[in-house]
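The primary structure of each chain is shown beneath.
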Amino acid sequence: MDKENQTVSFLKSITLNSRAWSIWWNLCPGLFLSSLLHSASAALNLYTAVWLSARMITEVAGSSSPRTVISLALAQVLSASSFSLLTAVLKRFKTYYADSASCLYHRIYMDKMFSLDYTRLDSQDTYSLYSQIIQNDAWSSLGIHETVSLFETFTAACAQILGGIILAAPLLSAPVPPGSGSLSLLNHPLCGCFLIGLMLLIALFSSFCADKAQNYWTLYAPKTRLGNRMADFYISAAKDRKRALDMRIYNQSEIIAKFYMEGNTPFGPSSEIARCAKGPMGIWAALSQSVSAVLTVMIYLFVCLKAWAGAFGLGDVVVYTAAIANLFLGISQLSGALGRMAANGRFLETAFGFLDAPSIMYQGTLTTEKRSDGQYEIEFRNVSFCYPGAQDYALRHINMKFPIGSRLAIVGANGSGKTTFIKLLCRLYDPTEGEILLNGIDIRKYKYVDYIDLFSVVFQDFKLFALPLGENIAGSCRFDSLKASSCLEKAGFSNQKAVMPHGLSTFLYRDLDGRGAELSLGEAQKTAIARALYKDAPFMILDEPTAALDPVSEAEIYEKFGAITRGKTAVCISHRLSSCKFCDEVAVFDKGNLVQQGSHDLLLQDPQGKYYELWHAQAQYYYPENA
Ligand code: ADP
């Protein structure tokens, strides 16, 4: 069952809401202050206008001096203009703080993403939870965002209620003069209590109906999330430039357009949500409005009856009707906000479920001593690994030592476990069984940041940022230009000056700068190699380093392979077996097992071996006589 279909107790939603407010408070205290001041100023504006108007009516009806009426009119103009100005200014502040808090808000999730360990981040559960949060937010600001508007409603409602109580309080105590017949009943304390109770009941029933209508939105959240996902899929596929070629050649518009068509999306005019909006949701909303109208009639009736019986004059009728109407409006807003807070509880639970997700991997405390001699020895000891949720092991019983300063080639068919081996080596995952040792100590015992610092990796599906070339290479806003240029040179990006008109300051791609350089796959791969060189870590890992390079660039990289990996322990995954000749050792993987290890020449001598089979399968196209 979807967790968001389960309700959360009112007390729990208050706790969750308070936690969300404390997050906002830390992000942007001005949000609260501006909201409070704005609500107070708006209520003062409203009630001062009511009170002054009533005084003017009393003065005019009582035929007092024109000077008093003029003074009251002036006070009315002055207070209305100054309070309106103040309220408008405070509203700007409130909007400004709300907008800046919204920008900062994404940091909460991004910081969490960065702090999560890779195993947790890579899991489908984490992805689904995060998507749920984003889609709830997009659908109706449900979750942490909703608590901002809840605070605004709470403060506005409380200010309105407080002002209403202050102005309307004398209404109950103003006695109907003796001899008013049956209207003297209005003096009885029970009469006042009964009327207030009835009005409260009506106000609460009105907001109950409004809540019922609102609840349909939250009930439909899972459906709308799915709709948003489908719309996202359609829109992102349609606008993705990288897909444009495939889309045209295979006429793929039809297979994705169905996700946006009536009948498949939950948002169409004949969808369940639309039917509900026209049906029960609309009926509850209409009922809430009509009950509010009954409340207004009752207020007028009570005040007018008291005035008619002579309890107060015409001016006070204006004050009391306006004050009580606004008081009950405030009560109904407050109870509506409490209902929304309760409904939002389950969405806050989802949000905090993500924010509280612990990192799974054990975090060690040992530092990897920075050895000037680069003497780091790694050993895989009986390591097996199964991806979370997968049925089969991706690696089984791997035993291997990395001789310091050596170059190791890893070969094997697709899916044989080569990349998984690298991911374990870099501790993106921990082994399911066995252990990996660095200088004789389990790598889990080292501080993760220290350990990861030992590796420069060029992954098969590396990613570059649409930022300046130099920043991409250094992974930092500040970089050593000479070192960055020399790394580019070493990586074989010798024609970079032609491609990069502004040198290291040239933006990659055009996402952020219209004059950015559109890199070919090969150029991007060379840039990624330069990035790995710049890090200058003792271990250099290259996963298919020449996959996107043309034959000349590939030959160039292999020529420079010695220089690129000098003084480091290098691991190179490659399908081009000719690259194994440049390595001291070759490890052959097959179906998750390490089946052979030795030098290229040695392995070629075993005609029954996997390496022999792979080598000859490739060589036959280059040297048919070898087939
Ligand atoms: P290679 O790099 O040799 O092509 P991989 O190490 O990528 O192979 O994959 C080894 C096995 O692990 C394959 O069967 C693959 O389907 C599986 N695998 C890879 N990544 C994941 C993952 N994130 N979740 C589940 N299984 C995975």
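Parameters at a glance
- Residues numbered from 1 in each chain as written.
- Predicted model: local features only at pLDDT ≥ 70, side-chain atom pairs only at ≥ 80, totals over all residues.
- Heavy atoms only, no water.
- Salt bridge = Lys/Arg side-chain N within 4 Å of Asp/Glu carboxyl O.
- Helix = DSSP H or I, 4+ residues; strand = E, 2+ residues; numbered from the N terminus.
- Buried < 20%, exposed > 50% of the residue type's maximum accessible area, 1.4 Å probe, protein only.
- Contact = heavy atoms within 4.5 Å.
- Near = heavy atom within 4 Å.
- Polar contact = N/O pair within 3.5 Å; in protein donor to acceptor, adjacent residues only side chain to side chain.
- Areas by Shrake-Rupley, 256 points an atom, 1.4 Å probe, with all protein chains shown as cover.
- Pairing = 2+ DSSP bridges.
- Domains from an automatic or database assignment.
- Axes fitted to C-alpha atoms, helices over the stretch in contact; angles between N-to-C directions.
- Phe/Tyr/Trp six-rings, centres within 6.5 Å; stacked < 30°, edge-to-face > 60°.
- Disulfide = S-S within 2.5 Å.

Would you mind going over the pattern of salt bridges with me for this structure?
A side chain of one charge can pair with a side chain of the opposite charge if their charged atoms are brought near each other. Counted under the stated rule, the structure contains 14 salt bridges. The salt bridge partner of D356 is R19, with a shortest N-O separation of 2.8 Å. Of the two residues, D356 sits in the loop between α13 (314-355) and β1 (378-385) while R19 sits in helix α1 (residues 10-27), which places them 337 residues apart along the sequence. Taking the relative accessible area as the measure of exposure, R19 reaches 34% and is therefore partly exposed.

Is there a simple way to explain the environment of T565 in this structure?
Tracing the backbone through its elements, the reader meets T565 in the loop between α21 (561-564) and β8 (569-573). Assessed through its relative accessible area of 3%, T565 is described here as buried. A sequence separation of 158 residues divides T565 from R407, and the C-alpha atoms of the two residues are 8.0 Å apart. In this structure, T565 is in contact with R407, M540 and A570, ignoring residues within four places of it in sequence.

Please clarify how the site of the ligand should be interpreted in this entry.
Around the ligand, a shell composed of D122, Y387, A394, A413, N414, G415, S416, G417, K418, T419 and T420 is seen. S416 has a polar backbone atom sitting 3.2 Å from an oxygen atom of the ligand. A distance of 2.5 Å separates an oxygen atom of the ligand from a polar atom in the side chain of T420. Computed on the free molecule, the ligand has an accessible area of 560 Å², of which 60% lies beneath the protein chains in the complex.

Explain the sheet that holds β1 to me, please; I cannot follow it from the model alone.
Across a sheet, strands are paired by hydrogen bonds formed along the backbone, either parallel or antiparallel in direction. Taken in spatial order, the four strands line up as β2-β1-β4-β5 in an open sheet, and their pairing is antiparallel. A single partner strand is all that each edge strand has here, and the edge strands are β2 (395-402) and β5 (441-442). Pairing geometry for strand β4 (residues 433-438) and β5, over two bridges, is antiparallel. Its bridge partner lying in β5, L438 is registered against I441.

Got a minute to help me understand the domain arrangement of the protein chain in this structure?
When the parts of a complex come together, some accessible area is lost, and that lost area is often taken as the interface size. With domains assigned, the protein chain is organised as domain 1 (1-165 + 330-360) and domain 2 (467-536). The straight-line distance from the C-alpha centre of domain 1 to that of domain 2 is 46 Å.

Can you help me understand the sheet that holds β8 in this one?
The strand order β6-β7-β8-β3-β9-β10 describes an open sheet built from six strands, whose pairing is mixed. Each edge of the sheet is formed by a strand with only one pairing partner; in this case those strands are β6 (455-458) and β10 (593-598). Within this sheet the neighbouring strands show an average axis-to-axis angle of 15°, counted without direction. One ladder, built from five bridges, connects strand β9 (residues 585-590) with β10; its direction is antiparallel. Paired with V586 across the two strands is G598, which belongs to β10.

Looking at this model, I keep getting lost on the packing of aromatic side chains. Mind explaining?
The description of an aromatic ring pair uses the distance of the two centres, along with the angle that the planes make with each other. This structure, assessed with the given rule, holds 26 aromatic pairs. When the ring of Y105 is compared with that of Y109, the centres are 5.5 Å apart and the planes differ by 85°; the resulting orientation is edge-to-face. Taken together, the positions of Y105 and Y109, both in helix α3 (residues 66-115) and four residues apart, correspond to about one turn of that helix. Its relative accessible area of 1% is what places Y105 among the buried residues. Accessibility expressed as a relative area gives 1% for Y109, which makes it buried. In this structure an aromatic cluster arises from ring pairing among F380, F402, F421, Y451, F455, F539 and F589.

Can you walk me through the pairing of β8 in this structure?
For a regular strand, side chains alternate in direction, first toward one face of the sheet and then toward the other. Across the five residues of β8, five count as buried, placing the element largely inside the fold. As defined by bridge partners, strand β3 (residues 407-412) adjoins β8 across four bridges and the pair is classed as parallel. Pairing of L408 across the sheet is with V571, part of β8. Both strand β7 (residues 539-543) and β8 contribute to a ladder of five bridges, which runs parallel. Across the sheet, D543 pairs through a bridge with I573, a residue of β8.

What is the right way to look at the state of the cysteines in this model?
In protein chemistry, a disulfide is the covalent bond that joins the sulfur atoms of two cysteines. A complete count under the given rule lists zero disulfides for this structure. No disulfide involves C193; its sulfur sits 9.1 Å from that of C191, the nearest cysteine. For the unlinked cysteine C426, the closest cysteine sulfur is that of C572, found at 14 Å.

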